[in-house]
Amino acid sequence: MELEGTQELQADPQTVWAALFDRDVLERAIPGCEALEQTGETEFAATVKLKVGPVSARFKGNVELSDIVPLVSCTLSGKGSGGIAGFAKGAARVTLEDLGETTRLTYSADAAVGGKLASLGNRLIKSTAQKLAGEFFANFEAILAERLEPARVEEPAE
């Protein structure tokens, strides 16, 4: 199953790039993420709880960033097991484009599922994957906005 998308983020490429490699940002941005532990410079162990149609499962797996071209692109690869629910694995190529005030993030992903999840049908799995990608980028953008927000100076009460 292939997924592609583009997101325009209200931050410069350096800020977006740093956030893509920030464990705290990723933990907050990944839908259903219960734990994310950095196990190497570009490797993470994750526990994510997801519901796909009638199947709810806790997936434990690994994520690795590779093919890194700083401030330009990288590949995120991951695989996880949800016990009786099955497994999921995939990779996404992420590219950043500097648009001046903003950054265009483009991704192209390929994913596969097996076990009970595979029996749900490709259309349900693809729509769930697209929904999760949308949630990830909405969360990611909100976190970037928080980090870029100028420190608020409280006005003295009159």
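Residues numbered from 1 in each chain as written. Predicted model: local features only at pLDDT ≥ 70, side-chain atom pairs only at ≥ 80, totals over all residues. Heavy atoms only, no water.

K.L.:
Would you take a moment to explain the overall build of the protein for this structure?
P.N.:
For the protein, the count of helices and strands is 3 helices and 7 strands. In terms of principal-axis extent, the alpha carbons of the protein reach across some 60 × 40 × 30 Å. The burial tally for the protein puts 34% of its 158 residues in the buried class. For the protein, long-range pairs separated by at least 24 residues make up 50% of all intrachain contacts whose partners lie at least 6 apart in sequence. Roughly 9300 Å² of accessible area belongs to the protein as shown, and the carbon and sulfur atoms make up 52% of that amount. Within the protein, the 24 negative side-chain charges are centred at a point lying 14 Å from the centre of the 16 positive side-chain charges. (Helix = DSSP H or I, 4+ residues; strand = E, 2+ residues; numbered from the N terminus. Buried < 20%, exposed > 50% of the residue type's maximum accessible area, 1.4 Å probe, protein only. Contact = heavy atoms within 4.5 Å. Areas by Shrake-Rupley, 256 points an atom, 1.4 Å probe, with all protein chains shown as cover. Lys, Arg positive; Asp, Glu negative; His and termini not counted. Charge placed at Lys NZ, Arg CZ, Asp CG, Glu CD.)

K.L.:
Sorry if this is basic, but what is going on with the pattern of salt bridges here?
P.N.:
Proximity of charged atoms lets side chains of opposite charge pair with each other. Overall, the coordinates contain 7 salt bridges when judged by the stated rule. In this structure, Asp 22 and Arg 147 form a salt bridge, with 3.1 Å as the shortest nitrogen-oxygen distance. One end of the pair, Asp 22, is in the loop between α1 (13-20) and α2 (23-29); the other, Arg 147, is in helix α3 (residues 122-148), with 125 residues separating them in the sequence. Judged by relative accessible area, which is 21%, Asp 22 ranks as partly exposed. By relative accessible area, Arg 147 is classed as partly exposed at 47%. Between Lys 131 and Glu 135 there is a salt bridge; the shortest N-O distance is 3.1 Å. Of this pair, Lys 131 and Glu 135 both sit in helix α3, 4 residues apart, which is roughly one turn of the helix. (Salt bridge = Lys/Arg side-chain N within 4 Å of Asp/Glu carboxyl O.)

K.L.:
Teacher, can you tell me more about the pairing of strand β5 (residues 73-81) here?
P.N.:
Where a strand is regular, its side chains alternate between the two sheet faces. As defined by bridge partners, strand β4 (residues 55-69) adjoins β5 across 8 bridges and the pair is classed as antiparallel. Across the sheet, residue Ser 66 finds its bridge partner in β5, namely Thr 75. Where β4 folds back on β5, the antiparallel hairpin that results is connected by 3 residues, among which Leu 71 adopts a positive phi of roughly 65 degrees. Bridge analysis of β5 against strand β6 (residues 87-98) gives 9 bridges, and the strand direction is antiparallel. In the sheet register, Cys 74 faces β6, and the bridge partner there is Val 94. (Pairing = 2+ DSSP bridges.)

K.L.:
Help me understand α3 in this model?
P.N.:
Because the α-helix completes a turn every 3.6 residues, residues three or four places apart line up on one side. In this model, α3 (27 residues) spans 38 Å end to end at C-alpha, consistent with the 39 Å of a helix rising 1.5 Å per residue. Every buried residue of α3 is accounted for by Ile 125, Thr 128, Ala 129, Ala 133, Phe 136, Phe 137, Phe 140, Ile 143 and Leu 144. For α3, the secondary structure elements touched by its buried residues are β1 (2-9), α1, α2, β3 (43-52) and β7 (103-114). (Expected span 1.5 Å × (residues − 1).)

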